Amino acid sequence: METNLKKKRVFSGIQPTGQIHIGNYVGALSLWVENQDQYDNIFCIVDLHSLTIPEKVKPDYLRRKVKEAAALYLACGIDPDKSTIFIQSQVTQHAELAWLLNCVTPMGWLERMTQFKSKAESLETVGTGLFDYPVLMAADILLYKTDYVPVGEDQKQHIEITRDIAQRFNHMYGEVFKIPEELMRKSGARIMGFDDPESKMSKSIGEVKKRHSIGLLDPPDTVKDTIMKATTDSNRELRFEYASPGVKNMLVLYEALTGKSREEIEKHFENSNYGTLKKELIDVVVETLKPIQARFEEIIREETYLNNILKEGRERATEIAGDTLDIVKRSMGLSL
Ligand code: TYM
């Protein structure tokens, strides 16, 4: 605990709904694991965010997916001795702080959010929760006096608005919040869909559409089928700078999962065609997923083990979040 106090703090989370995929792994989960020793880590399963499109989230489904996400965090290498893992809805301060931050957040800021605009486009009814999504995310981050938020590129705007909200609050009520920064991979922060390399690989699309993404729990046959049919072009360009979007996406995945340099990779594929890249990428993905899936199968059966980790996580998170919320309330003139 003493050493934890000296380390910078990291906070991040994943929505448990949809199919957690190789893009989430490369952009977020693997980055969390890589940095685990360096920071004091808090990782959340953001189930309240999943409720912002309630039509897609039935109660039994949500219960199952929250447990699955927790087991996946652990299976990917999050170590409960080094990191706190908890479920957002079990720490009530998140929803409470979100309300208080709502009161200082101009609607215009939320109207500019590109993720809101694209999600709202496809919905018949847009809930207030979806509009307010970034404020809840700001509450998540600010409750823990977070220094760094490791995320994929799509969350950049949400971290920016978190900073804006924190600064506005501090300006109005005094220096209460720490201003967080994002932590992002230089390459691999935006993995694209295999079927459509112009759009980001998405959990919700991956759940309903074949060959869009690779789920962390997909069997080797599915991995093979998805990559073999991935969109390419009629050239033979296997250099990062000149490759078409679909080929570049596979090169970037290969780069992220092997840890090899771009120079090395281009040299390796110098006289190859797309078929060779695809075959090698299939092997790399299958080898990456194999140990994750094996650990997942063990963990998901150990209900008590999983529940204990989440219980301890909840207790630690509640303690930190409770302290922050008290300070926030006092600074706003609310009685405790
Ligand atoms: P979510 O659940 O959509 O995604 C989880 C993490 O995966 C990253 N990611 C990707 N990275 C690379 N390529 C992709 N195609 C790709 N798709 C997703 C995301 O950037 C994210 O890091 N709003 C967040 C959840 C959240 C959160 C937070 C994150 C709620 N509160 C506080 C950090 C801190 C979200 O919906 O992520």
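It should be emphasised that the depicted structure is a prediction, and the values quoted were computed from it without experimental measurement. (Residues numbered from 1 in each chain as written. Predicted model: local features only at pLDDT ≥ 70, side-chain atom pairs only at ≥ 80, totals over all residues. Heavy atoms only, no water.)

Outline empty space enclosed by the protein, supporting the account with residue identities and numerical values.
A full pass over the atoms with the stated rule returns one cavity of 30 Å³ or more. Here the largest cavity defines a volume of roughly 50 Å³. As for the largest cavity, its lining consists of Met 113, Gln 115, Phe 116, Lys 119, Leu 130, Tyr 133, Pro 134 and His 158. Where the lining of the largest cavity is concerned, the elements lending two or more residues are helix H7 (114-121) and helix H8 (128-142). (1 Å grid on protein atoms, 1.4 Å probe; cavity = no way out; pocket = protein on both sides within 12 Å on 5 of 7 lines; lining within 4 Å. Points joined across faces, edges and corners; volume = space filled by probe spheres on them. Helix = DSSP H or I, 4+ residues; strand = E, 2+ residues; numbered from the N terminus.)

Could you give me a rundown of the domain arrangement of the chain, with the residues and numbers involved?
We note that the domain assignment places domain 1 (9-185 + 303-332) and domain 2 (203-296) within the chain. With centres defined by C-alpha atoms, the gap from domain 1 to domain 2 works out at 29 Å. Counting residues at the interface gives 22 residues for domain 1, matched by 19 residues for domain 2. Note on domain 1 versus domain 2: buried area summed over both sides is about 1600 Å², and carbon and sulfur give 69% of it. On the domain 1 side of the interface with domain 2, the three residues burying the most area are Gln 19, Ile 22 and Ala 75, jointly 39% of the side's total. (Domains from an automatic or database assignment. Contact = heavy atoms within 4.5 Å. Buried area = accessible area lost by both parts, 1.4 Å probe.)

Describe the packing of helix H2 (residues 22-34) against helix H12 (residues 245-258), and please don't skip the residues or the numbers.
Remark: H2 packs on H12, axes separated minimally by 11 Å, with the N-to-C direction vectors making an angle of 55°. By the angle between their axes, H2 is oblique relative to H12. Crossing geometry of H2 relative to H12 is assigned as left-handed. Taking contact as the criterion, the partners of Ile 22, Tyr 25 and Val 26 in H2 are, on H12, Leu 253, Ala 256 and Leu 257. Broken down by class, the residue content of the contact of H2 with H12 amounts to six nonpolar, no polar and no charged. (Axes fitted to C-alpha atoms, helices over the stretch in contact; angles between N-to-C directions. Parallel < 35°, antiparallel > 145°, perpendicular 65-115°, else oblique. Left-handed = near helix turned anticlockwise from the far one by under 90°. Nonpolar A, V, L, I, M, F, W, Y, C, P; charged D, E, K, R; others polar.)

Quick one: what's the story with the packing of helix H5 (residues 93-102) against helix H15 (residues 303-332), residue by residue and with numbers?
Two elements in contact, H5 and H15, have axes whose closest approach is 10 Å; the angle formed by their N-to-C orientations is 25°. On the basis of the axis angle, H5 is roughly parallel to H15. Where H5 crosses over H15, the two elements pack in a sense that is left-handed. From H5, Gln 93, Glu 96, Leu 97 and Leu 100 reach across to H15, where they touch Thr 318, Ala 321, Gly 322, Leu 325, Val 328, Lys 329 and Met 332.

So what's going on with the layout of surface pockets? Which residues, and what values?
One number sums up the size of the largest pocket: a volume of about 1200 Å³. As for the largest pocket, its lining consists of 48 residues, and the residues nearest its centre are Gln 15, Lys 119, Asp 154, Lys 200 and Lys 203. Looking at which element gives the most residues to the lining of the largest pocket, the answer is H2, with five residues. Looking at the lining of the largest pocket residue by residue, the classes come out as 18 nonpolar, 21 polar and nine charged. Of the residues that make up the lining of the largest pocket, three or more belong to each of domain 1 (9-185 + 303-332) and domain 2 (203-296).

I'd like a description of the site of the ligand, backed by residues and values.
Taken together, 28 residues lie near the ligand, and Tyr 133, Asp 140, Asp 154, Ile 191 and Lys 203 sit nearest. Here a nitrogen atom of the ligand and a side-chain polar atom of Asp 140 are 2.6 Å apart. Expressed as a share of its isolated accessible area of 720 Å², the protein-covered part of the ligand is 97%. More than half of the atoms belonging to the ligand lie within 2 Å of the grid points that define the largest pocket. Looking at the shell around the ligand, the elements with two or more residues in it are strand S1 (9-14), H2 and H8. Here the shell around the ligand is composed, by residue class, of twelve nonpolar, eleven polar and five charged. (Near = heavy atom within 4 Å. Polar contact = N/O pair within 3.5 Å; in protein donor to acceptor, adjacent residues only side chain to side chain. Areas by Shrake-Rupley, 256 points an atom, 1.4 Å probe, with all protein chains shown as cover. Sits in = over half its atoms within 2 Å of the grid points.)

Break down the packing of aromatic side chains for me, with residues and values.
Counted by the stated rule, this structure contains ten aromatic pairs. Taking 4.3 Å as the distance between ring centres and 5° as the angle between the ring planes, the aromatic pair formed by Trp 32 and Phe 43 counts as stacked. You can see Trp 32 sitting in helix H2 and its partner Phe 43 sitting in strand S2 (residues 40-45), a full eleven residues away along the chain. The exposure class of Trp 32 is buried, given its relative accessible area of 1%. (Phe/Tyr/Trp six-rings, centres within 6.5 Å; stacked < 30°, edge-to-face > 60°. Buried < 20%, exposed > 50% of the residue type's maximum accessible area, 1.4 Å probe, protein only.)

I'd like a rundown of the environment of Gly 322, residues and numbers included.
Note that Gly 322 resides in helix H15. For Gly 322, a relative accessible area of 14% corresponds to the buried category. Remark: the alpha-carbon pair of Gly 322 and Val 91, spanning 231 residues in sequence, is separated by 8.9 Å.

Describe H8, listing the residues and the values that go with them.
An α-helical turn contains 3.6 residues, so a residue and the one three or four places further along point in the same direction. Over its 15 residues, H8 extends 21 Å from the first C-alpha to the last, a length consistent with the 21 Å expected when each residue adds 1.5 Å. The element H8 is extensively covered by neighbouring structure, given that 13 of its 15 residues are classed as buried. (Expected span 1.5 Å × (residues − 1).)

Residue-level account of the pattern of salt bridges, with values.
Pairing between side chains of opposite charge can happen when the charged atoms of each approach one another. This structure, assessed with the given rule, holds 23 salt bridges. A salt bridge links Lys 82 to Asp 79, with the nearest nitrogen and oxygen atoms 4.0 Å apart. The class for Asp 79 is partly exposed, based on a relative accessible area of 23%. Glu 315 is paired through a salt bridge with Lys 311; the nearest N and O atoms lie 3.4 Å apart. Here Glu 315 pairs with Lys 311, and both are found in helix H15, just four residues apart, close to one helical turn. A cluster of three or more residues bridged by salt bridges with shared partners is formed by Lys 156, Glu 160, Arg 163 and Glu 182. (Salt bridge = Lys/Arg side-chain N within 4 Å of Asp/Glu carboxyl O.)

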